[in-house]
Amino acid sequence: MSTGPGPADQTATRTTEPVEPETTPSEPVREEYENLVDLVRKHRFAYYQEDEPLVSDAEFDELFQRLEEIEALHPELVSNDSPTQEVGGEVSAAFAAVEHLQRMYSLEDVFSLEELEAWLTKATAGIEKLGDGSHQPAWLTELKIDGLAVNLLYREGKLVRAATRGDGTTGEDITHNVLTIKEIPQELSGEGFPEEMEIRGEVFIPSQAFAAFNEALIEAGKAPLANPRNAAAGSLRQKDPAETAKRPLKMFVHGIGAREGLQARSQSETYDVLKAWGLPVSPYSEVLGSLDEVLDFIKRYGDKRHKLLHEIDGIVIKVDDFAIQRALGYTTRVPRWAVAYKYPPEEVHTKLLDIQVNVGRTGRVTPFGMMEPVKVAGSTVEMATLHNQDVVKAKGVKIGDIVVLRKAGDVIPEIVGPVLALRDQQDPPVRDFVMPTECPSCGTPLAPAKEGDVDIRCPNSKSCPSQLRERVFHLAGRGAFDIEALGWEAAIALTQPAEPEVPPLTTEAALFDLTPEILADVRIRREKRTKGVPTGEFELVPYFYSKGTAKSPSKPTATTEKLFRELEKAKTQPLWRVLVALSIRHVGPRASRALATAFGTMEGIRNASEEELAHVDGVGPTIAAALKEWFAEDWHVEIVDRWAAAGVRMEDERDESMPRTLEGLTVVVTGSLPNFSRDEAKEAILLRGGKAAGSVSKNTSYVVAGENAGTKLDKAEQLGVPVLDEDGFRELLAGGPAALEAAS
């Protein structure tokens, strides 16, 4: 569905106006062009036939755009076998070649909203030239699935062949593998289908299934799959269909080829027909009437692209009406009636310069990669997590490798794996990562928390500077005390300053005892700059106070004054946030809410037995054991006692007037509700005595479904669990199940 591999950088610019051809190309231009042709062919082969791309999608698109630019300036260089005149890749010799009844085209790509607007304006002008002015464009707008294009051939309603797109005319016969995909019917239901019909669609692996499949591979000591697209393509090219059947493949149909006798007038109408015949049609498509509506669709799905069933790399906009499609026609490679808008790239290639380790707030030692800085998903990235030494081993990455880096929106950057084909070309040669045996922060010998634990930890939780820094940074987070002025650098200044020798905080216990006088002497080491340019020289500067001069004495900065205001405000936070701030292993927001609801006071939680704690919904034996272990440490108890003495709230005020309408009920909230955030909805459930669960099961009482509810809604419908919209949710909160029955 594109000129080549996947998504492209939105910041890339291309000429939208016709380019005037230049004079005869110079020798350097000819040489660049020939090299580009060879490179594009090489990368297409690696992408389509070997499912092992050598460059990122964004890099490929840059090469392809440069090729198009040279051909526009020097048309005499263009030959029939130029990559710009071809669709997709070649046919692999491993599978039988089959010819499509009707050619499968690629799509023209645009990489900015300006380019999209220019394309839509041009297409609209072409439609207006068709006749009497009655042709009003309606745009079928849908998601561009990051999968593998497949052509299904049905004869008399029975699936007789499945093939890849190949070069658009000839594809690979993958019928036996496609037959393992449950969503694809081997025989259509209903009646009225053509005697012979080609159905086009995209085979993909759902996002959640892909993550689970990779986790299983890593646990088995195998290398994870690079991305859902390559995983889907590789799955369909398995020699043994039994291996394909093990992969969680799905398909959505998005087009139709040869279809003698099908009377539908538009593509959207065709989707309704195909769905009635039992074919899987994407739920993510809309027929829109204007550019503004199309732009709104792009923004809407761009904001939630990682909450969808599958990965996407863009939006496809098509003329909906078949008669207009036929009138507009095709170029040699793409239809004139469709375009693909590409989102910014979220997967790039870069060099892994080193693997270092970080010591977290609970002592867990986590490897992370240091890379050549690279721009991905709108930000420059030079560090990415590698989780633990087993993950490093399973992913097969070595220091010095060219690696695939993925950053999905606000998600932490992840090193997916190495580009193995480039490993032998690295200078200096790549080398293995060796996990340290001592804590890099305090020198304490590292060890697993318990026998058989994959993670290794620093047991020096009280005195390890890295653990203290991480805990202080964590307690200031939005899910805990929400102290905005206490950021990462401030956490370092409080726990690891250059001066004084003894930092203001040696544990979290003194957090609410800080004073301006204590912070006045804190100095950090900072690089000098001349006109904004680093000089390579360093100096000690005050962090919480202004530098001061003879005429203007040092005084607290605005951020420092804000810090003390926010510390006072933090004392009034509810009990569950205080629990989160304590950094007790396994005790996150969900368990903290449940504990605060069940016991109401910190004292009640401290004094509860392990069995009493474990019986709280959302807690269980692991968290209960962690709580008892944490409170058994004297220095932990000191933190709670000193915070309480400083005025931190250790007891929730119970609203006795709040009716316990959800006592004994389990409610799952999924999707987006107009007037409730996810946390607000959970809070409302817990306050009324209910359990706010994260997954749907036979024990679920109700599912509250908002926009884009996804798989949880599907599961609820399968199990027959009652589903409520926001209005129904409000009725349930107000009066419980009885109110719903009365309303119905």
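Calculation rules
Residues numbered from 1 in each chain as written. Predicted model: local features only at pLDDT ≥ 70, side-chain atom pairs only at ≥ 80, totals over all residues. Heavy atoms only, no water. Helix = DSSP H or I, 4+ residues; strand = E, 2+ residues; numbered from the N terminus. Buried < 20%, exposed > 50% of the residue type's maximum accessible area, 1.4 Å probe, protein only. Axes fitted to C-alpha atoms, helices over the stretch in contact; angles between N-to-C directions. Parallel < 35°, antiparallel > 145°, perpendicular 65-115°, else oblique. Left-handed = near helix turned anticlockwise from the far one by under 90°. Contact = heavy atoms within 4.5 Å. Nonpolar A, V, L, I, M, F, W, Y, C, P; charged D, E, K, R; others polar. Disulfide = S-S within 2.5 Å. Pairing = 2+ DSSP bridges. Core = buried A, V, L, I, M, F, W, Y, C linked by side-chain atoms within 4.5 Å. Patch = residues over 30% accessible without salt bridge, like charges linked within 9 Å, V, L, I, M, F, W, Y side chains within 5 Å. Areas by Shrake-Rupley, 256 points an atom, 1.4 Å probe, with all protein chains shown as cover. Salt bridge = Lys/Arg side-chain N within 4 Å of Asp/Glu carboxyl O. Lys, Arg positive; Asp, Glu negative; His and termini not counted. Charge placed at Lys NZ, Arg CZ, Asp CG, Glu CD.

Colleague: Quick question: what am I supposed to make of unusual backbone geometry here?
Modeller: Note: most peptide bonds trans; most residues except glycine with negative phi. Note that the residue after D427, namely P428, is joined by a cis bond; omega there is 0 degrees. Inspection of the secondary structure assignment puts P428 in the loop between β16 (414-418) and β17 (447-448). With an omega of -5 degrees, the peptide bond between E499 and P500 qualifies as cis. Locating P500 in the fold gives a position in the loop between α13 (488-495) and α14 (516-519). Residue H387 is not a glycine yet carries a positive backbone phi of 70 degrees. Within the secondary structure, H387 sits in the loop between β14 (379-385) and α11 (389-395). Its identity is not glycine, yet D482 carries a phi of approximately 60 degrees, on the positive side. Residue position: D482 is located in the loop between α12 (465-475) and α13.

Colleague: When you look at helix α6 (residues 228-236) in this model, what are you seeing that I'm missing?
Modeller: Working note: α-helix, 3.6 residues per turn, so residues spaced by three or four point in the same direction. Counting buried residues along α6, 9 of its 9 residues qualify, which places the element largely inside the surrounding structure. Considered for burial, the residues of α6 that qualify are P228, R229, N230, A231, A232, A233, G234, S235 and L236.

Colleague: Looking at this structure, I do not really get the packing of α12 against α13. What am I missing?
Modeller: Two quantities define a packed helix pair, namely the angle between the axes and the distance from one axis to the other. In the contact formed by α12 and α13, the axes pass within 9 Å of each other and the chain directions differ by 135 degrees. Classified by the interaxial angle, the pair formed by α12 and α13 is oblique. Handedness of the crossing formed by α12 with α13: right-handed. Between α12, through L468, R469, E470, V472 and F473, and α13, the contact on the second element is made entirely by W488, A491, I492 and T495. A breakdown of the residues in the contact of α12 with α13 according to their chemical character gives 6 nonpolar, 1 polar and 2 charged.

Colleague: I tried to follow the state of the cysteines on my own but got confused; where do I start?
Modeller: One pass over the full model with this rule turns up 0 disulfides. There is no disulfide at C439, and the cysteine sulfur nearest it, in C442, is 3.6 Å away. Of all cysteine sulfurs in the structure, the one in C458 sits closest to C442, which takes part in no disulfide; the separation is 3.6 Å.

Colleague: Honestly, the sheet that holds strand β8 (residues 250-259) in this entry has me stumped. Any pointers?
Modeller: Strand pairing in a sheet relies on backbone hydrogen bonds, with the paired strands running either antiparallel or parallel. Taking strand neighbours across the sheet as the criterion, the 4 strands line up as β5-β4-β7-β8 in an open arrangement whose pairing is antiparallel. The sheet terminates laterally at β5 (158-164) and β8, the two strands that pair on one side only. The sheet shows a mean angle of 30 degrees between the axes of neighbouring strands, taken without regard to direction. Examined bridge by bridge, strand β4 (residues 148-155) and β5 share 6 bridges and lie antiparallel to one another. Paired with V150 across the bridge in β5 is T164. Relative to the sheet, α6 contacts β4 and β7 (196-204), its axis offset from that of β4 by approximately 40 degrees. Across the sheet, helix α8 (residues 267-276) touches β7 and β8, and the angle it forms with β8 is around 115 degrees.

Colleague: So what exactly am I meant to see when it comes to the nonpolar core here?
Modeller: Soluble, globular proteins show a tendency: their nonpolar side chains are buried together. Counting residues in hydrophobic clusters, the biggest one holds 60 residues, and the most contacted among them are F481, L486, L511, F512, M602 and W643. Looking at this core, the elements that each hand over two or more residues are α12, α13, α15 (558-570), α16 (575-581), α17 (589-599), α18 (602-607), α20 (620-631) and α21 (634-645). It is α16 that contributes the most residues to this core, 6 residues altogether. Those residues in contact with L511, other than ones at most four positions away along the chain, are L475, L486, L505, L567 and W643.

Colleague: Explain a negative patch on the surface to me, please; I cannot follow it from the model alone.
Modeller: A contiguous patch of negative charge on the surface is contributed by E27, E31, E34 and D38. Structurally, the position occupied by E27 is in helix α1 (residues 27-49). E27 sits in the exposed class, given a relative accessible area of 56%.

Read these as geometric descriptors, not functional statements.
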